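Structure at a glance
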Amino acid sequence: MNKVIGFIGLGIMGEAMAANLIKKSGCKVIVYDIIPEKIEVLTKLGGKKASSVEQLSADSDIIITMVPASKQTIEVYENILKGLRKNALCINMSTIEPDTHLKIVDLVEQKQANILDAPVVKSKAAAIEGKLGIYVGGREECFADLLPILSCMGEQIKYMGGHGKGLYMKICHNMLVAAIQNGVNEMMVLASKAGLALEEVIPAVSMGGGQNAYLDTKGDMILNENFEPAFSVLNMHKDIHIAKQIAQAYELVLPALDISTDIYDQAVEKYASLDFSVTYKVVKEKNHI
């Protein structure tokens, strides 16, 4: 594919995703971040430095954004639009409110360009390995055109439907993850209080239907109380609140979502930068343990 890719947002996930594009896509990759040191990491791998978002936009056929939240995404796209080429293809990989993304879609289409929403699941290790899961919304013909680019970053890529549907899927996924993790947290607190050895509880659960990925992958973090972030409390807090807004808009009663929202509201005050499994400590603290 003889295209120029611009990548904006070189954080925990974005840096690894951009690195894989440089290594695998066969395209020229231009990179930008508000932190200059992050740009330098990617230029050493073969990326090209952009002096601004507007310049990156003007020089790119495909523009990928991976920034933390809606506020930053809107600010970035305001500058992308200044240089956006006719028939350019944008990929918003940030997890933001679907309604916000739909407003961005309107602005991009006014410039006679196209955009997909393509939020990711899994964590930093999967980003480094190019094995992310990617949910995609937008025009199906654009998805087909961009699948080779997305395949440089992920190995499970699923088209979910029209604009915003990738984001709705990501929020549904993370709502479920939060509820499962809280079930793990509460089970571990109860097991400990009952005098069970937690290092024996995890393999015992695996003997039955309660086995789940978050007990398997986060169990050691809980046992050792080492909560180095693979996906932070701050990010999960954002996603849970998006889920809450969507549920309220549909007038849904979702008690587990209410519990998760309460847990993450407490967690973000003390543990914002740590892994979301640190919510185990919040459950302990609620029980004065």
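In this report, the structure presented in the accompanying data block is examined. (Residues numbered from 1 in each chain as written. Predicted model: local features only at pLDDT ≥ 70, side-chain atom pairs only at ≥ 80, totals over all residues. Heavy atoms only, no water.)

The next thing to look at is the overall build of the protein chain. Each helix and strand counted, the protein chain has 13 helices and nine strands in total. Computed over its C-alpha atoms, the radius of gyration of the protein chain comes to 20 Å, within 12% of the 19 Å expected for a compact globule of 289 residues. The principal-axis extent of the C-alpha atoms belonging to the protein chain is close to 65 × 45 × 35 Å. In the protein chain, which comprises 289 residues, the share counted as buried stands at 49%. In the protein chain, 67% of the contacts between residues at least 6 apart in sequence involve partners at least 24 apart. Just so you have it, the protein chain exposes about 13700 Å², and 54% of that area is on carbon and sulfur atoms. Taken together, the 29 basic and 34 acidic charged side chains of the protein chain have centroids lying 5 Å from each other. (Helix = DSSP H or I, 4+ residues; strand = E, 2+ residues; numbered from the N terminus. Rg over C-alpha atoms; globule rule 2.2 N^0.38 Å. Buried < 20%, exposed > 50% of the residue type's maximum accessible area, 1.4 Å probe, protein only. Contact = heavy atoms within 4.5 Å. Areas by Shrake-Rupley, 256 points an atom, 1.4 Å probe, with all protein chains shown as cover. Lys, Arg positive; Asp, Glu negative; His and termini not counted. Charge placed at Lys NZ, Arg CZ, Asp CG, Glu CD.)

This part takes up the side chain of Asp33. By the element assignment, Asp33 lies in the loop between strand S2 (28-32) and helix H2 (36-43). The buried charged residue Asp33 lacks any salt bridge, with Lys38 as its nearest oppositely charged partner at 6.0 Å. For Asp33, the side chain forms a polar contact with the main-chain nitrogen of Ile35, separated by 2.9 Å. (Salt bridge = Lys/Arg side-chain N within 4 Å of Asp/Glu carboxyl O. Polar contact = N/O pair within 3.5 Å; in protein donor to acceptor, adjacent residues only side chain to side chain.)

What follows is about the nonpolar core. Phe7, Met17, Ile64, Met93 and Met153 are the most contacted members of the largest nonpolar core, which totals 59 residues. Considering every element that reaches this core, the biggest residue donor is helix H1 (residues 14-24), with six residues. When neighbours within four sequence positions are excluded, Met93 is seen to be in contact with Met17, Ile64, Thr65, Met66, Ala118, Pro119, Val120, Ile134, Leu150 and Met153. In terms of nonpolar packing, the next biggest core, distinct from the first, is built from 33 residues, Val184, Met188, Ala243 and Ile246 among them. (Core = buried A, V, L, I, M, F, W, Y, C linked by side-chain atoms within 4.5 Å.)

On to the environment of Ile128, then. Checked against the element boundaries, Ile128 lands in helix H6 (residues 124-129). Linking Ile128 and Ser232, residues 104 residues apart in sequence, is a C-alpha distance of 17 Å. With near-sequence residues (within four places) excluded, Ile128 lies in contact with Ala16 and Asn20.

This brings us to the pattern of salt bridges. This model, assessed by the stated rule, comprises 10 salt bridges. Here Asp258 ties to Lys244 by a salt bridge, and the two come within 2.2 Å at their closest N and O atoms. Here the residue Asp258 occupies a position in helix H12 (residues 255-271), and Lys244 occupies one in helix H11 (residues 233-249), the gap between them amounting to 14 residues. Between Lys270 and Glu285 there is a salt bridge; the shortest N-O distance is 3.5 Å. Linking Lys270 in helix H12 with Glu285 in helix H13 (residues 279-286), this pair joins segments that are 15 residues apart in sequence. Classification of Lys270 as exposed rests on a relative accessible area of 56%. For Glu285, a relative accessible area of 31% gives the class partly exposed.

On their own, these measurements won't tell you what the molecule is for.
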